[in-house]
Amino acid sequence: MPLAPSDVAKIAHLARLAIDEDEAARYATDLSKILDLVARMEAVDTTEVLPMAHPLEMNQRLREDEPSEPDGRALFQGIAPLTEDGLYLVPKVIE
Amino acid sequence: MSWETVIGLEIHTQLATRSKIFSGAPTRFGADPNTQACAIDLGLPGVLPVLNREAVRLALRFGRAIDAEIAERSVFARKNYFYPDLPKGYQISQYERPIVGRGRVEILLDDGAEKTIGVTRAHLEEDAGKSLHEDFHGLTGIDLNRAGTPLLEIVSEPDLRSPQEAVAYARKIHQIVRWIGISDGNMQEGSFRMDANVSVRPRGETRLGTRTEIKNINSFRFLERALVFEIERQIDVIEGGGRIVQETRLYDAERDETRSMRTKEEANDYRYFPDPDLLPLVIDGDFLAAATADLPELPDVRRARFERDHGLSPYDAGLLTASRELADYFEAVAARCGDAKLAANWINGELAAALNKAGLTIEASPLGSEGLAGLLARIADGTLSGKLAKQVFEAIWAGEGDADAVIEAKGLRQISDAGTIEPLIDAIIAANPTQVEQYRAGKEKLFGFFVGQVMKETQGKANPQQVNEILRRRLAP
C-alpha cells in the first residue's frame, strides 16, 4: 500500500510539520516501506496473540485521589511569552 | 414524504474526584485561572501521567449501573489535534478498548411506555482547558485549570427517534450519574455536556442518512430545541433537492438555530494510537467488587418499589425518584406520618412548588422530612383541613416554627366538634329564612351559601365534611 506524496503532505499538515516537496517524496518512499513490512506481517496467524498496547509486560499503576500539586502558576508563567489576569495569551483561534 | 429521525448522544460527565485524572492538581471549581494546572496538565517535557484510582472506580460503578460489560483490560490512547487549550497536542482518551462496553438504560416515553436505549460504550478521558475569546486585545486567554479533569464519555447507540426521546435519555443518564454519586451533574459548571449526532431518512428506509453533530449543549431545553431545529433544517435541505453535509454544528440559543462551525482543521483525523506513557489498565475481580458493592438501589428499581409498596402512580413514583435525596426524603416523611400517598401528594405538590419558586433543591429545603411529616400527621388525625394545612405549611416554610407551634400560635386548629358547629349552623339557618325557604323549594345551589356562612363565622376552621353533613341534616325539609 504505497503512500503518495500528497498523503504525506496531509499527515504533515495534521501534525504541523513543515516539510517541502522533496522531503514529502522521500518520506513517501520510506513510510511506504514500513507499511509494506506491516503488510507482510499480516500474513502471520495471530489469533492466539493478545494485541500489544505497550512493550512492557506490566499493568498500569494507580494513584490515590489526593491533591498533591501546589499552585505553580507564577513559576510556569515566568516562561510564558504573554500572560494577563492569570491567563496565558495566545493568538486568537476563532474568527 | 414522512421522515424518521435518528439520534445518538455523546455525554461528557465530569467525575467527582478531588484531583485530576493523571496528575495531583486539585479539581475544585472556580479557582483563580491556572492555579490548579501543574506541569503534567501543562504538558511540560519530561512529565508522566499516573492514573487516578478513584476515576477508575467511578467508571466501574457506572458500568455496573447500566448493566454493561466491563473490560478486564482497557487501553489509553492519544487523540491528536491542535488547539491552544490542549497544551500537549493530544487528549488522553480511550479508543479501541474502553473501560465500559455495551450496556443499556430504560427510558419512559410520554405515552407511559418504556423503551430500551443501548449504550455503546463509556470511556475515561481528560478534559481540555478553557479558551476565553473576549477582552484580551484581539488575543485569546487560556485557563488550564480544567485541563486534565476526569471525564466519562458515555456514547449511546443511534436508538433515539425524536428530540423528546433524546431528552428522556439524557435526563436518565443525568439521574444515574448523580444517583450513584459519580458526578455532581452540575450543568452550569459544565459537569454534564452533550453532543448530539442527528440524521433523517424516509420512513421505512433502513440505511442511515448523512448525520451532523451538534456540539457542547449544556441544558436539556437547549438539547430539545437544537434537535427540533436541526431536524427541520435537514428535511428542508433534502426536500429542496439538496444534500446534507457531514459537519459539526453549534447551537445558538439566542437565535434558536444551529450553525456550521468553521474550523481551520479540514477533516477530523485524530490519528489515535495507544499512549506509550500509560500501561494497559487491568481491572481485577476484587477491585470491581469493591467499587460496586455499595451501589445504592437504582432509580428504576426504587420507582417500581414505590409503586408496589406504597400504591403510588408511575407518574408520582417517577417524580419522587428524580434524585436519591428526594426519594430518601419521601421515604422518611412517609414512614413518620404513616400515609405514603399523602406524603407523595404534598412532596410533589406544595413542597415541589415552594422549592421551585425559591430555586432550591430538596437538599436545601428549609422544611426537613421531620417538619413535613409533623404537618401531615395533623392532617391525618383531623386537626387540620387541607386548606388550613396549606396556611400552616406557609408559616413553617417562613420559619415560624413546627406544625404544632404554628397551629397553636395562629389558632388554626380545625373545628371538628359537633357541639360547636351545630349551634352555629342553627343560628345561621335562623338568620336566613328566605334562603332556607328557597333551598327547600329546590334551589340546590344555595347550599354553597350556607357553607360559606359557616366558614366565615369560623375563619375557615370548621371541618368541611362535618359542616356538609350537619347542614344537609338541618336543611332537610
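Okay, so let's go over this structure. Only a predicted model underlies this, so the values are computations on that prediction, with no experimental measurement involved.

When helices and strands are counted, chain B shows 15 helices and 16 strands. Computed over C-alpha atoms, the radius of gyration of chain B comes to 30 Å, more than 25% over the 23 Å expected from 2.2 N^0.38 for 477 residues, which places it beyond the range of a compact globule. Across its three principal directions, the C-alpha atoms of chain B cover 95 × 55 × 50 Å. A buried classification covers 50% of the 477 residues belonging to chain B. Considering only residue pairs separated by 6 or more positions, chain B has 68% of its internal contacts joining residues 24 or more positions apart. Within the structure as shown, chain B displays about 22300 Å² of accessible surface, and the carbon and sulfur contribution to it stands at 48%. Between the centroid of the 59 positive side chains of chain B and the centroid of its 72 negative side chains there is a distance of 1 Å.

Working note: regular strand, side chains alternate between the two faces of the sheet. All names here are of chain B. Where burial is concerned, the two faces of strand E5 (residues 90–93) agree: the one with Tyr90 and Ile92 and the one with Gln91 and Ser93 are both buried. Summarising the sheet, strand E4 (residues 77–80) and E5 pair through four bridges and their orientation is antiparallel. Counted as the bridge partner of asparagine 80 is tyrosine 90 from E5.

For the rest of this paragraph, the subject is the pattern of salt bridges. All names here are of chain B. Applying the stated criterion across every chain, the model contains 42 salt bridges over all chains. Between glutamate 297 and arginine 305 there is a salt bridge, with its nearest N and O atoms 2.9 Å apart. Using a relative accessible area of 30% as the deciding quantity, one classes glutamate 297 as partly exposed. With a relative accessible area of 18%, arginine 305 lands in the buried category.

All names here are of chain B. Relative to the assigned elements, valine 105 resides in strand E6 (residues 103–108). Taking relative accessible area as the criterion, valine 105 reaches 5% and is therefore assigned buried. A C-alpha to C-alpha distance of 24 Å links valine 105 and arginine 73, two positions 32 residues apart in sequence.

Let's shift gears to the packing of aromatic side chains. Two aromatic rings, taken as a pair, are described by how far apart their centres are and by the angle between their planes. All names here are of chain B. A complete count under the given rule lists twelve aromatic pairs over all chains for this structure. Both rings, one in phenylalanine 192 and one in phenylalanine 220, keep their centres 6.3 Å apart while their planes meet at 65 degrees; by these two values the pair is edge-to-face. Of the two residues, phenylalanine 192 is situated in strand E11 (residues 192–202) and phenylalanine 220 in helix H3 (residues 220–239); the sequence distance between them amounts to 28 residues. Comparing phenylalanine 192 with phenylalanine 220, the two get one shared label, buried.

Here we take up the interface of chain B and chain A. Contacts between chain B and chain A engage 56 residues on the former and 39 residues on the latter. Of the roughly 4400 Å² buried at the junction of chain B and chain A (both faces included), carbon and sulfur atoms supply 59%. Contact with chain A buries surface across chain B, with Arg18, Arg53 and Leu279 of chain B losing the most and accounting together for 14% of the total. At the boundary of chain B and chain A, one finds three salt bridges. Its salt-bridge partner being lysine 10 of chain A, residue aspartate 269 of chain B comes within 3.5 Å of it at the nearest N-O pair. Run the count over chain B and chain A and you get 24 residue pairs in polar contact (both at pLDDT 80 or more). The element contributing the most residues to the side of chain B that touches chain A is strand E9 (residues 139–143) of chain B, with five residues. Tallied by class, the residues present in the side of chain B that touches chain A amount to 30 nonpolar, twelve polar and 14 charged. Sheet topology note: the strand E3 (residues 87–91) of chain A/E9 of chain B ladder contains four bridges and is antiparallel. Note on E9 of chain B: the bridge partner recorded for valine 90 of chain A is threonine 140 of chain B.

Here we take up the pairing of strand E10 (residues 150–156) of chain B. Residues and elements named next belong to chain B. Counting buried residues in E10 gives seven out of seven residues, a clear majority hidden from the surface. Here strand E1 (residues 3–14) runs beside E10; their pairing, made up of five bridges, is antiparallel. Within E10, the position partnered with isoleucine 11 by the bridge is isoleucine 154. For strand E7 (residues 114–126) and E10, the ladder comprises seven bridges, and the chain directions are antiparallel.

For the rest of this paragraph, the subject is helix H1 (residues 5–14) of chain A. Residues and elements named next belong to chain A. Taken together, the buried positions of H1 are Val8, Ala12 and Leu14. Looking straight down H1, one finds its buried side chains confined to an arc of 160 degrees; they lie on one side. Arginine 16 occupies a position one or two residues after H1 and carries a positive phi of about 55 degrees.

Residue and element names in this part refer to chain B. The biggest cluster of nonpolar side chains holds 102 residues, and the ones touching the most others in it are Phe62 and Tyr169. For this core, the element with the most residues is helix H8 (residues 340–358), which contributes nine residues. Discounting chain neighbours no more than four positions away, the residues touching phenylalanine 62 are Ala122, Leu152, Ile154, Ile173, Ile176, Val177, Ile180 and Ile182. The next biggest cluster of nonpolar side chains, apart from the first, holds 17 residues, and it includes Ile421, Leu446, Val454 and Met455.

The residue threonine 140 of chain B is located in strand E9 in this model. Threonine 140 of chain B sits in the buried class, given a relative accessible area of 0%. Setting aside chain neighbours within four positions, we find threonine 140 of chain B in contact with Tyr88, Leu89, Val90, Pro91, Lys92 and Val93 of chain A together with Ser131, Leu132 and His133 of chain B.

Moving on: the sheet that holds E6 of chain B. Residues and elements named next belong to chain B. In space, the eight strands of this open sheet follow the order E6-E7-E10-E1-E11-E12-E13-E14, with mixed pairing throughout. Of all strands in the sheet, those bounded by a partner on one side alone are E6 and strand E14 (257–260). The mean inter-strand angle of the sheet, taken between neighbouring strand axes irrespective of direction, is 30 degrees. Pairing of E6 with E7 involves six bridges; the strand directions are antiparallel. The residue of E7 that forms the bridge with glutamate 106 is threonine 116. Helix H2 (residues 163–179) contacts E1, E6, E7, E10 and E11 of the sheet and is inclined by roughly 115 degrees relative to E6. Taken strand by strand, H3 contacts E1, E11, strand E12 (212–217), strand E13 (248–252) and E14, and its axis lies near 25 degrees from that of E11.

This next bit is on the sheet that holds strand E15 (residues 273–274) of chain B. In space, the three strands of this open sheet follow the order E5-E4-E15 (chain B), with antiparallel pairing throughout. Each edge of the sheet is formed by a strand with only one pairing partner; in this case those strands are E5 and E15 of chain B.

A few words now on the environment of alanine 380 of chain B. All names here are of chain B. Tracing the backbone shows alanine 380 in helix H9 (residues 369–380). Residue classification places alanine 380 among the exposed positions, given a relative accessible area of 52%. The spatial distance from the C-alpha of alanine 380 to the C-alpha of glycine 338 is 8.6 Å, given a sequence separation of 42 residues.

Parameters at a glance
Residues numbered from 1 in each chain as written. Chains lettered and ligands numbered in written order. Predicted model: local features only at pLDDT ≥ 70, side-chain atom pairs only at ≥ 80, totals over all residues. Heavy atoms only, no water. Helix = DSSP H or I, 4+ residues; strand = E, 2+ residues; numbered from the N terminus. Rg over C-alpha atoms; globule rule 2.2 N^0.38 Å. Buried < 20%, exposed > 50% of the residue type's maximum accessible area, 1.4 Å probe, protein only. Contact = heavy atoms within 4.5 Å. Areas by Shrake-Rupley, 256 points an atom, 1.4 Å probe, with all protein chains shown as cover. Lys, Arg positive; Asp, Glu negative; His and termini not counted. Charge placed at Lys NZ, Arg CZ, Asp CG, Glu CD. Pairing = 2+ DSSP bridges. Salt bridge = Lys/Arg side-chain N within 4 Å of Asp/Glu carboxyl O. Phe/Tyr/Trp six-rings, centres within 6.5 Å; stacked < 30°, edge-to-face > 60°. Buried area = accessible area lost by both parts, 1.4 Å probe. Polar contact = N/O pair within 3.5 Å; in protein donor to acceptor, adjacent residues only side chain to side chain. Nonpolar A, V, L, I, M, F, W, Y, C, P; charged D, E, K, R; others polar. Arc of directions from axis to C-beta. Core = buried A, V, L, I, M, F, W, Y, C linked by side-chain atoms within 4.5 Å. Axes fitted to C-alpha atoms, helices over the stretch in contact; angles between N-to-C directions.

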